[in-house]
Amino acid sequence: MKHFLCYEGWELIEPTILELQAKMREAHQRSRYIFDLYHRRNEISKELFEFCLDQGYADRNLIAQWKKPGYERLCCLRCMQRRDHNFQTTCVCRVPKNLREEKVIECVHCGCGGCASGD
Ligand SMILES: [Zn+2]
Ligand SMILES: [Zn+2]
């Protein structure tokens, strides 16, 4: 596989890509924060929780995944899609640490450092 620096034009799109990545990371953290407040810490009401979802402060679809076994730590919906990934059928960040060769990774989709449930 070629390194991305080998591709002409990468410098042009890099700032935007990095910015979008940061935003995705942020979106994940925001969803997690709101999820924890409601589901784990019981610090906000269902009404406020629903309001946050309606306003887009948290990702409703992502949060729905967190309630499923094996997806408690899912970083983003893209990473669970069974295509567009070069590590078998799922994103490398979904592969448990003990099953993957590189121990330290950063997901190319969202910068996730690993979100398999057992890690
Ligand atoms: Zn991940
Ligand atoms: Zn990933």
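Criteria and cut-off values
- Residues numbered from 1 in each chain as written.
- Chains lettered and ligands numbered in written order.
- Predicted model: local features only at pLDDT ≥ 70, side-chain atom pairs only at ≥ 80, totals over all residues.
- Heavy atoms only, no water.
- Helix = DSSP H or I, 4+ residues; strand = E, 2+ residues; numbered from the N terminus.
- Expected span 1.5 Å × (residues − 1).
- Buried < 20%, exposed > 50% of the residue type's maximum accessible area, 1.4 Å probe, protein only.
- Contact = heavy atoms within 4.5 Å.
- Donors = N, O, S within 2.8 Å, 3.2 Å for Na, K, Ca; no water.
- Tetrahedral: all angles 85-135°; square planar, octahedral: opposite > 155°, others 65-115°.

- Looking at an unreviewed UniProt entry, one finds the protein chain named G10 protein, with Escallonia herrerae as its source organism.

### With respect to helix α1 (residues 10-40)
Then comes step 1: An ideal rise of 1.5 Å per residue puts 45 Å on 31 residues; α1 measures up with 42 Å between its terminal C-alpha atoms.
Then comes step 2: Buried residues of α1: W10, Q21, S31, R32, I34, F35, D36, L37 and Y38, and no others.
Then comes step 3: Buried-residue contacts for α1 involve α2 (46-54) and α3 (60-66).
Then comes step 4: Of the residues trailing α1, N42 is marked for its positive phi of about 50°.

### Quick notes on the coordination of the zinc ion (ligand 1)
Then comes step 1: On the protein side, the zinc ion (ligand 1) has C75 (SG), C93 (SG), C112 (SG) and C115 (SG) as donor atoms, found 2.2 to 2.4 Å from it.
Then comes step 2: Viewed at the metal, the four donor atoms of the zinc ion (ligand 1) are separated by angles of 105 to 113°, and the geometry they form is tetrahedral.
Then comes step 3: Every donor residue of the zinc ion (ligand 1) comes from the same chain, spaced as C-x17-C-x18-C-x2-C.
Then comes step 4: Here the zinc ion (ligand 1) and the zinc ion (ligand 2) are spaced 3.9 Å apart, linked through C93, which binds each one. With C93 in the segment after α3 and C115 in the segment after α3, this pair connects stretches of sequence that are 22 residues apart. For the pair shown, C93 and C115 are each scored as buried.

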